[in-house]
Amino acid sequence: MHIFSHIMLSAFMATLTMSCAGSSASESTSLDSIAIAATDSTPSAPAPKTDSLTLSFVGDIMMGTTYPDSIHGTHLPKDGGRHLFDDCRDIFQRVDIATGNLEGSFLKGPGKRRPMGNPKYYFVFRMPPEYVTNLTDAGFDFVGLANNHINDFGEPGRQSTMSTLRDASLAYAGLKGLCETAYLTRNGLRIGLTQFGHGGNNLDVTNLNELRRVVKNLRDSADIVIVSFHGGAEGAAHTHVPLRQENYLGENRGNVAEFAHAAIDAGADVVYGHGPHVPRAVELYKDHIIFYSLGNFCTPYRMGIAGPTGYAPVAEVTIGADGKFRSGRIHSFIQQRGRGPVADPTNTVAKFMRKLSQEDFPSSPLKIADDGTLSR
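Below or above, wherever it landed, is the structure these notes cover. Only a predicted model underlies this, so the values are computations on that prediction, with no experimental measurement involved. (Residues numbered from 1 in each chain as written. Predicted model: local features only at pLDDT ≥ 70, side-chain atom pairs only at ≥ 80, totals over all residues. Heavy atoms only, no water.)

## Describing the packing of helix α5 (residues 208-221) against helix α6 (residues 256-266)
How we decide: Helix axes are fitted to C-alpha atoms over the stretch in contact, other axes to C-alpha atoms as well, and angles between N-to-C directions run from 0 to 180 degrees. Here a helix means four or more residues in a row that DSSP labels H or I, a strand means two or more in a row labelled E, and each is numbered from the N terminus. Here is the rule for handedness: rotate from the far helix to the near one, and if that takes an anticlockwise turn smaller than a right angle the crossing is left-handed, while a clockwise turn gives right-handed. Contact between two residues is taken to exist if any of their heavy atoms lie within 4.5 Å; hydrogens are not considered. Classification convention: Asp, Glu, Lys, Arg as charged; Ala, Val, Leu, Ile, Met, Phe, Trp, Tyr, Cys, Pro as nonpolar; all other residues, Gly among them, as polar.
It is at 9 Å that the axes of α5 and α6 come closest, and there the two elements cross at 30°. Helix-helix and strand crossings are classified by hand; for α5 and α6 the assignment is right-handed. Residues Leu208, Leu211, Arg212 and Val215 of α5 form the contact with α6, whose participating residues are Glu258, Phe259, Ala262, Ala263 and Ala266. By residue class, the composition of the contact of α5 with α6 is seven nonpolar, no polar and two charged.

Pasting the structure below:
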């Protein structure tokens, strides 16, 4: 690498800061660095803070799985999945921060999968570690790990996933005592992120005291706080937010409305969810936006993608430096088997989410236009 190229790479990396700290850590591990000017070694001045930030959010990402081995062929997309995000990468690359939920482990080799009950309802996912470059090339900056599939291959799967993401400089959070929070810096603003889920080692979506603790810690050290959650019952029969505790397959999947409101009351600026495998309503609560489920986003194999389970919205939102909602849009995509999210020119997904929002949160001032534009 030429010296000039090395210097420019250092300057680029200085725009990104990350940390991932568990509750037992004395302080966050940080990749903060000082940009070196191309002409001399004088540290650059801190970037001035802007008055707004544009973000994008998606739901479940499981780009293909090497489990189970099958005589009927692979469960992996063509060309190593390099084209999975072709229809939407322009969104991720133009926003300040792009995030999603990583539904599974990055792990090489067979590994030991977790015990399963009825295999009709339980699945395990194991993505090739090299697939992480599909995320970074597309423009993702953060993925949440707090979900039921991060534990599919136990501690080796969790450690391999974190190591893979760390080596790719992709921020992550959500595992209790391992990586509860992450930080990114954009436009002079420090953004704190976390994710809650159900089961295993996850920060617990049913524990509001834990939520308040984590949000307070983020609020104390960040300008903007983003909370993600994996909760709610699953499937096309559960598109509505029931405003009560949801139980599914014998497990408490949380009261997602109570959780989201508690997060904002504790200091969160944006809340977005996933887990039901279908999109759900959007609400504007105290001038802060909540997406109750963004459904499946990129799950080309081993998941149902018919009807609403194939709806793959990309939420784009601009907030002020105070964290309050300014504008946004629901971009409509629909999945195709083996290909991932494909642009939907009819805006079916946005219209579907508008209907749910009107029915579930009729007093919310949020408006959703035919093309998915979000406004007050």
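## Details of the side chain of His198
Here is the rule: Partly exposed describes any residue whose relative accessible area lies between the buried limit of under 20% and the exposed limit of over 50%, with all areas from a 1.4 Å probe on protein chains only and scaled to the type maximum. As used in this structure description, the phrase polar contact means that two N or O atoms lie within 3.5 Å; if the pair is within protein, one of them must be able to donate a hydrogen and the other to accept it, and residues adjacent in sequence are counted only when both atoms belong to side chains.
One can find His198 in the loop between β8 (189-196) and α5. For His198, a relative accessible area of 3% gives the class buried. Of the polar contacts made by the side chain of His198, one reaches the side chain of Glu251; its length is 3.4 Å. Setting aside residues no more than four positions away along its own chain, His198 makes contact with Asn147, Asn148, Val205, His230, Gly231, Glu251, Asn252 and Arg253.

## Looking at the packing of aromatic side chains
The cut-off we apply is this: Only the six-membered ring of Trp is used, alongside the rings of Phe and Tyr, when aromatic pairs are assigned; centres must lie within 6.5 Å, and planes under 30 degrees apart are stacked while those over 60 apart are edge-to-face, with the rest tilted.
For the structure shown, the criterion picks out 10 aromatic pairs. With centroids separated by 6.0 Å and ring planes inclined at 80°, the aromatic side chains of Phe92 and Phe297 adopt a geometry described as edge-to-face. Within this pair, whereas Phe92 is found in helix α2 (residues 89-94), its partner Phe297 is found in strand β15 (residues 296-298), the two being separated by 205 residues in sequence. Overall, the relative accessible area of 0% leaves Phe297 in the buried class. Linked through ring pairs, Phe85, Phe92, Phe140 and Phe297 together constitute an aromatic cluster.

## What to know about the pattern of salt bridges
As a reminder of what qualifies: Should a side-chain nitrogen of Lys or Arg be within 4 Å of a carboxyl oxygen of Asp or Glu, the pair is scored as a salt bridge.
Counted under the stated rule, the structure contains 20 salt bridges. A salt bridge links Asp87 to Arg339; the nearest nitrogen and oxygen atoms lie 3.9 Å apart. Of this pair, Asp87 sits in the loop between β1 (52-61) and α2 while Arg339 sits in the loop between β18 (333-336) and β19 (340-343); the two residues are 252 residues apart in sequence, bridging distant segments of the chain. The partly exposed category is assigned to Arg339, whose relative accessible area is 41%. Salt bridges linked by common partners bring Asp90, Arg94 and Glu316 together as one network.

## Describing the environment of Gly199
Structurally, the position occupied by Gly199 is in the loop between β8 and α5. The exposure class assigned to Gly199 is partly exposed, which follows from its relative accessible area of 35%. Separated by 50 residues in the primary sequence, Gly199 and His149 have C-alpha atoms spaced 9.6 Å apart. Among residues more than four places away in sequence, those in contact with Gly199 are Asn151 and Glu251.

## Some points on α5
Note the cut-off: Expected helix span is given by 1.5 Å per residue-to-residue step, counting one fewer step than there are residues. The arc in question is formed by the directions pointing from the helix axis toward the C-beta atoms.
Relative to the 20 Å expected for 14 residues at 1.5 Å per residue, α5 spans 20 Å between its end C-alpha atoms, a close match to the ideal helical length. Listing the buried residues of α5 in full gives Leu208, Glu210, Leu211, Val214, Val215 and Leu218. What you see down the axis of α5 is that its buried residues fit within an arc of 150°, all on one side. More than 90 degrees from the buried face of α5, the exposed residues found are Asn209 and Asp220. Its buried side turned inward, α5 meets β7 (182-186), β8, β9 (224-230) and α6. Between the side-chain oxygen at the start of α5 and the backbone nitrogen of Asn209 there is a gap of 3.2 Å, and the oxygen is on Asn207.

## Considering the environment of Ile91
For Ile91, the position within the fold is in helix α2. Of the residues examined, Ile91 reaches a relative accessible area of 4% and is grouped as buried. Considering only alpha carbons, one finds Ile91 and Gly139, 48 residues apart in sequence, at a separation of 8.5 Å. With residues near it in sequence (within four places) discarded, Ile91 still touches Ser56, Val314, Glu316, His331 and Phe333.

## Describing the environment of Ala236
Relative to the helices and strands, Ala236 resides in the loop between β9 and β10 (247-248). Judged by relative accessible area, Ala236 falls into the exposed class, the value being 52%. Separated by 73 residues in sequence, Ala236 and Thr309 have C-alpha atoms that sit 6.8 Å apart.

## Observations concerning the nonpolar core
Spelled out, the test is: Residues belong to a common nonpolar core when they are buried Ala, Val, Leu, Ile, Met, Phe, Trp, Tyr or Cys residues joined through side-chain atoms within 4.5 Å.
Counting 35 residues, the largest nonpolar core has Met63, Phe85, Leu135, Phe140, Leu145 and Phe297 as the members making the most contacts within it. Mapped onto this core, the elements with two or more residues apiece are β1, α2, β2 (97-102), α3 (132-138), α4 (154-167) and β15. Per-element tally for this core: the top contributor is α3, with three residues.

## Description of the sheet that holds β8
How we decide: The pairing criterion for strands is at least two bridges between them, as found by DSSP.
With mixed pairing, six strands are arranged side by side in an open sheet as β7-β8-β9-β12-β14-β13. With partners counted over all chains shown, the strands left at the sheet margins are β7 and β13 (282-285), one partner each. For this sheet, the mean inter-axis angle between neighbouring strands, taken without regard to orientation, is 20°. Both β8 and β9 contribute to a ladder of six bridges, which runs parallel.

## Topic: the side chain of Glu180
Summarising the element assignment, Glu180 is placed in the loop between β6 (171-173) and β7. Within the structure, the side chain of Glu180 is placed 3.0 Å from the backbone nitrogen of Gly177, a separation counted as a polar contact.

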